[in-house]
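# Close look at the chain arrangement
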Amino acid sequence: MINKSFTRIVIRTMEIDDLKKVLEIEKQSFPVPWTYDLFFHELTGNKYARYFVLEKGNEVVGYLGLWHKGSNFHITNIAIIEKLRRKGYGEKFLKFIEKIATTHGIKKISLEVRRLNCIAQDMYRKYGYKVMKVLRNYYQEEKEDALIMEKKLS
């Protein structure tokens, strides 16, 4: 009998071969999902972009994207497969990014989150992110506001 509680969790750099699974997670997670071309450009043509996947066992179960500009990280997207949400995997990404931030001299991590996504907001607040401003109708298709949240690092 295999004890699933010891399934290995790995966070690694996203590769082009991961995009099929990433797009599945993207479609589960967002009303207006990013396209293959958008992710492909981020991976191959954006010098500021850094993308990672989280694997449980050998399966990609989440991903995170960020832009690294100067002494700032800006999280562009973070998503976990539906069946594993609210189980701490998003938090694993936040801890991972903060660890990387300390090695790169990052002073601030920022992100946008939907005003109605209270679960994500609660997770960010738990890790010290604060609302800095509101962008009205940022998500134009749904006419939903975004909250700009950020965390200053020492």
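In what follows, the structure referred to is the one given above.
Residues numbered from 1 in each chain as written. Predicted model: local features only at pLDDT ≥ 70, side-chain atom pairs only at ≥ 80, totals over all residues. Heavy atoms only, no water.

All right, on to the packing of helix 3 (residues 89-103) against helix 4 (residues 118-126) then. Where helix 3 contacts helix 4, the axes come no closer than 11 Å and their chain directions differ by 40°. Compared by their axis directions, helix 3 and helix 4 come out oblique. For the element pair helix 3 and helix 4, the recorded crossing hand is right-handed. Side by side, helix 3 and helix 4 meet where G90, E91 and L94 of the first sit next to M123, Y124 and K126 of the second. For the contact of helix 3 with helix 4, the per-class residue count stands at three nonpolar, one polar and two charged. (Axes fitted to C-alpha atoms, helices over the stretch in contact; angles between N-to-C directions. Helix = DSSP H or I, 4+ residues; strand = E, 2+ residues; numbered from the N terminus. Parallel < 35°, antiparallel > 145°, perpendicular 65-115°, else oblique. Left-handed = near helix turned anticlockwise from the far one by under 90°. Contact = heavy atoms within 4.5 Å. Nonpolar A, V, L, I, M, F, W, Y, C, P; charged D, E, K, R; others polar.)

Checked against the element boundaries, A79 lands in strand 4 (residues 72-80). Along the chain, A79 and Y63 lie 16 residues apart, while their C-alpha atoms are 5.6 Å from each other. Non-local contacts of A79, meaning those with residues more than four positions away in its chain, are made with I25, S29, F30, V61, G62 and Y63.

Glancing now at the packing of aromatic side chains. Here the distance between the centres and the angle between the planes together describe a pair of aromatic rings. Inspection of every chain in the model, using the stated rule, returns seven aromatic pairs. Plain terms: the ring middles of F52 and F96 are 5.0 Å apart, the flat faces sit at 75° to each other, and that makes the pair edge-to-face. Of this pair, F52 sits in strand 2 (residues 49-56) while F96 is found in helix 3, placing the two residues 44 residues apart along the sequence. Taken together, the aromatic side chains of W34, F39, Y51 and Y63 make up a single cluster linked through ring pairs. Positioned above the aromatic ring of Y48 is the side chain of K69, whose terminal nitrogen or guanidinium carbon lies 4.9 Å from the ring centre. (Phe/Tyr/Trp six-rings, centres within 6.5 Å; stacked < 30°, edge-to-face > 60°. Lys NZ or Arg CZ within 6 Å of the ring centre and 35° of its normal.)

This part takes up the pairing of strand 6 (residues 130-139). Where strand 6 and strand 7 (residues 144-152) come together, six bridges link them in antiparallel fashion. Opposite V131, over in strand 7, you have M149 as the bridge partner. Hairpin connection between strand 6 and strand 7: a loop of four residues separates the two successive antiparallel strands, and K143 in this loop has a positive phi of roughly 55°. (Pairing = 2+ DSSP bridges.)

Between helix 1 (residues 19-29) and helix 2 (residues 36-45), the shortest axis-to-axis distance is 10 Å and the interhelical angle comes to 125°. The angle between the axes of helix 1 and helix 2 places the two elements in the oblique class. Considering the relative orientation of helix 1 and helix 2, their crossing is right-handed. Contacts between helix 1 and helix 2 pair L19, V22, L23 and E26 from the former with Y36, F39, F40 and L43 from the latter. Of the residues contributing to the contact of helix 1 with helix 2, the split by class is seven nonpolar, no polar and one charged.

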